[in-house]
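Here's the letter readout for the chains.
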Amino acid sequence: MSIPNDNLECGHSLEGLSTYLDTGGIPDPQHLEECPECQAALASLRNLKALGSEFLGEEIAAAGKGTDAWMQSILDNLRLEVRPGRTIPLRSDHPGDTLSETEGAITALVRAVGDALDGVAVGKCRLRGDITVPGAPVTLEVQLAVLYGHQMIGRASALRERLAVALARHTELNVAAIDLAVSDVLQPLQATPPTSEENQP
Amino acid sequence: MDGQTPLPHGLELVPDAILAGRASDGDTAAFEALARRYGPQMRACARRITGSFADADDVVQESLMQAWNQLDTLRDNGAVKGWLLRITGSRSIDHLRRRKVHPELATAENEATAAGAASNPESAVLNGSRVAALRSALARLPEEQRRCWVLKEFGDQSYEEIASTLKISADSVRGRLARARITLAREMEEWR
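Reading the values: rules and limits
- Residues numbered from 1 in each chain as written.
- Chains lettered and ligands numbered in written order.
- Predicted model: local features only at pLDDT ≥ 70, side-chain atom pairs only at ≥ 80, totals over all residues.
- Heavy atoms only, no water.
- Helix = DSSP H or I, 4+ residues; strand = E, 2+ residues; numbered from the N terminus.
- Buried < 20%, exposed > 50% of the residue type's maximum accessible area, 1.4 Å probe, protein only.
- Contact = heavy atoms within 4.5 Å.
- Areas by Shrake-Rupley, 256 points an atom, 1.4 Å probe, with all protein chains shown as cover.
- Patch = residues over 30% accessible without salt bridge, like charges linked within 9 Å, V, L, I, M, F, W, Y side chains within 5 Å.
- Salt bridge = Lys/Arg side-chain N within 4 Å of Asp/Glu carboxyl O.
- Buried area = accessible area lost by both parts, 1.4 Å probe.
- Polar contact = N/O pair within 3.5 Å; in protein donor to acceptor, adjacent residues only side chain to side chain.
- Core = buried A, V, L, I, M, F, W, Y, C linked by side-chain atoms within 4.5 Å.
- Axes fitted to C-alpha atoms, helices over the stretch in contact; angles between N-to-C directions.
- Parallel < 35°, antiparallel > 145°, perpendicular 65-115°, else oblique.
- Nonpolar A, V, L, I, M, F, W, Y, C, P; charged D, E, K, R; others polar.
- Pairing = 2+ DSSP bridges.
- Phe/Tyr/Trp six-rings, centres within 6.5 Å; stacked < 30°, edge-to-face > 60°.
- Lys NZ or Arg CZ within 6 Å of the ring centre and 35° of its normal.
- Right-handed = clockwise from strand over helix to strand, strands pointing away.
- pLDDT = per-residue confidence, 0-100.

1. Some thoughts on the overall build of chain A
When its secondary structure is counted, chain A shows 6 helices and 5 strands. Counting only residues that meet the buried cut, chain A has 38% of its 201 residues in that class. Of all intrachain contacts in chain A linking residues separated by at least 6 positions in sequence, the fraction that spans at least 24 positions is 55%. A total of about 10,900 Å² of accessible surface is found on chain A, and carbon and sulfur atoms cover 51% of it.

2. So, a nonpolar patch on the surface
All names here are of chain A. Taken together, the side chains of Tyr148, Met152, Ile153, Val182 and Val185 define a hydrophobic patch exposed on the protein surface, amounting to about 490 Å² of accessible area. Of all the secondary-structure elements, those providing two or more residues to the nonpolar patch are helix H6 (152–170) and strand S5 (174–186). We classify methionine 152 as partly exposed; its relative accessible area is 38%.

3. Comments concerning the interface of chain A and chain B
With 70 residues of chain A at the contact, the number on the chain B side is 71 residues. Of the roughly 6,300 Å² buried where chain A meets chain B, counting both sides, 59% is carbon and sulfur surface. When residues of chain A are sorted by the area they lose upon contact with chain B, Phe55(A), Leu80(A) and Arg83(A) head the list and together hold 11% of the total. Counting across the interface, chain A meets chain B through 8 salt bridges. Residue Asp115(A) pairs with Arg22(B) through a salt bridge whose shortest N-O separation is 2.7 Å. Seen at the junction of chain A and chain B, the total is 18 residue pairs in polar contact (both at pLDDT 80 or more).

4. Examining the nonpolar core
Counting residues in hydrophobic clusters, the biggest one holds 34 residues, and the most contacted among them are Phe31(B), Leu64(B), Trp83(B) and Leu84(B). Considering each element in turn, this core owes the most residues, 7 residues, to helix H2 (residues 28–50) of chain B. With residues near it in sequence (within four places) discarded, Leu64(B) still touches Met71(A), Ile74(A), Leu78(A), Phe31(B), Ala35(B), Met42(B) and Leu84(B). Counting residues in hydrophobic clusters, the runner-up holds 33 residues, among them Ile60(A), Ala137(B), Trp149(B) and Ala185(B).

5. Quick look at the packing of helix H3 (residues 36–63) of chain A against H2(B)
Running from amino to carboxyl end, H3(A) crosses H2(B) at an angle of 105°, the nearest separation of the two axes being 8 Å. One way to sum up the angle between H3(A) and H2(B) is to call them roughly perpendicular. Touching Phe55(A), Leu56(A), Glu59(A), Ile60(A), Ala62(A) and Ala63(A) of H3(A) are Pro40(B), Gln41(B), Arg43(B), Ala44(B), Arg47(B) and Arg48(B), all from H2(B). In terms of residue class, the contact of H3(A) with H2(B) is built from 7 nonpolar, 1 polar and 4 charged.

6. Some details on the sheet that holds strand S3 (residues 120–128) of chain A
Residue and element names in this part refer to chain A. Spatially, the 3 strands line up as an open sheet ordered S3-S4-S5, and their pairing is mixed. A strand with exactly one partner marks an edge of an open sheet, and here the two such strands are S3 and S5. Adjacent strand axes in the sheet meet at a mean angle of 20°, parallel and antiparallel pairs treated alike. The pairing of S3 with strand S4 (residues 137–147) spans 7 bridges and is classified as antiparallel. Pairing of arginine 126 across the sheet is with glutamate 141, part of S4. Sitting on the sheet, helix H5 (residues 103–115) is in contact with S3 and S4, with an inclination near 150° to S3. Those strands touched by H6 are S3, S4 and S5, and its axis lies near 145° from that of S5.

7. Considerations on the packing of aromatic side chains
Tallying each qualifying case throughout the model produces 4 aromatic pairs over all chains. Centroid distance Trp149(B) to Phe154(B): 6.0 Å. Interplanar angle 55°. Geometry classified as tilted. Taken together, Phe55(A), Trp149(B) and Phe154(B) form an aromatic cluster joined through their ring pairs. Above the ring of Trp70(A), the side-chain terminus of Arg43(B) is found at 4.2 Å from the ring centroid. Lying over the aromatic face of Phe53(B), Arg43(B) brings its terminal NZ or CZ to 4.3 Å of the ring centre.

8. Re the pairing of S4(A)
All names here are of chain A. Within S4, 8 of the 11 residues are buried, which leaves it mostly tucked inside the rest of the structure. With 11 bridges connecting them, S4 and S5 associate as parallel partners. Bridge pairing in S5 links valine 142 to leucine 180. In this fold, S4 hands off to H6, which returns the chain to S5; that crossover is right-handed.

9. Some points on the side chain of Asp25(B)
Among the structural elements, Asp25(B) can be located in the loop between helix H1 (16–24) and H2. With a relative accessible area of 10%, Asp25(B) lands in the buried category. For Asp25(B), the side chain forms a polar contact with the side chain of Lys124(A), separated by 2.8 Å. Among the polar contacts made by the side chain of Asp25(B), one reaches the main-chain amide nitrogen of Cys125(A) at a distance of 2.7 Å. Every residue in contact with Asp25(B), bar those within four places of it in the chain, is listed here: Thr107(A), Arg111(A), Gly123(A), Lys124(A) and Cys125(A).

10. Digging into the confidence of the model for chain B
All names here are of chain B. In this model, chain B carries an average pLDDT of 84, and 79% of its residues clear a pLDDT of 70 or more. The weakest mean pLDDT in chain B belongs to helix H7 (residues 121–125) at 46; the strongest belongs to helix H3 (residues 53–69) at 96. Segment residues 1–9: pLDDT under 50, and 18 contacts once partners within four positions in sequence are set aside and those in other chains are kept. Considering only residues more than four positions removed or in separate chains, one finds that residues 121–126, a stretch of pLDDT under 50, has 11 contacts.

Here you go:
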């Protein structure tokens, strides 16, 4: 019987061991290594932990997939509203007209340009500078992941060029710089789809 | 999005941090990809706390709405999974608190959980398995212990996070979680 009373004969409490399991912290780690009672109780708690993970795996499988109808229905109900961000003034040909576009439209443009380029995925982007003042210098910062096997520098400079062209064509921003930060390398498509439990690429 | 060739693998394999960054910029497709990725675990966690998939779906929907509205408060985009589960745990408990207002529904949690352990088809299939034994041992735990255990093992929350979700002290969480584990471990050993 490896789970005895709440307090072991060596003086340690099972509560202390349970906390140790989560935090790795215990007053006298030396004792833990040498005490058979503590070792046995700890093994029992670890077995339970492992069984708990197995249980969770089955429960996640029982909950269904993210592509199932229940999830689609939840997503349909959400009706996500896009936050427009700051308002960027545009020149107008007729005095009295007030034209503008939104920051959200610019980040959507950046994502569209990035997604159209092979081997990259665009993440967060930021417009640094006072975009509400026409002609103020603006720096575009873009987070980026590059697909494994693609040349990082090459992809980044291709993206930078395309972004510069797209921003010049579709916006009136005075783009002083485009800063790209590659944060991840994407693993190529796997033969088997990842499980919902551990699907970090 | 615009008919051009997207990434060869779509958004499914794009890492959390990239998706969360896009989502906080207003990319609904990226947010939905995150929802599909972690929705099943959110649903599993909410179901084990609320007692039914119907309640769990309400909770998941509320949690995703809250997440969408608060994305800019997420400091580490790579930590989005834990953040979603934390919101789910907290919303599940809120859901139960609201239900407590209606006494006729107040015992639904225990009944549903116990029934889930005894009669649901998946445990019938697995009857005799260690996981089935754990499921029914969990259903017999006192409610507060069970919540701590589920928030810890399914929701992967820290003591402090569980404490704030349950509005009790971190020391109480430590104690209840230990009690839950000791009982479960004992029952599993007897089962063996």
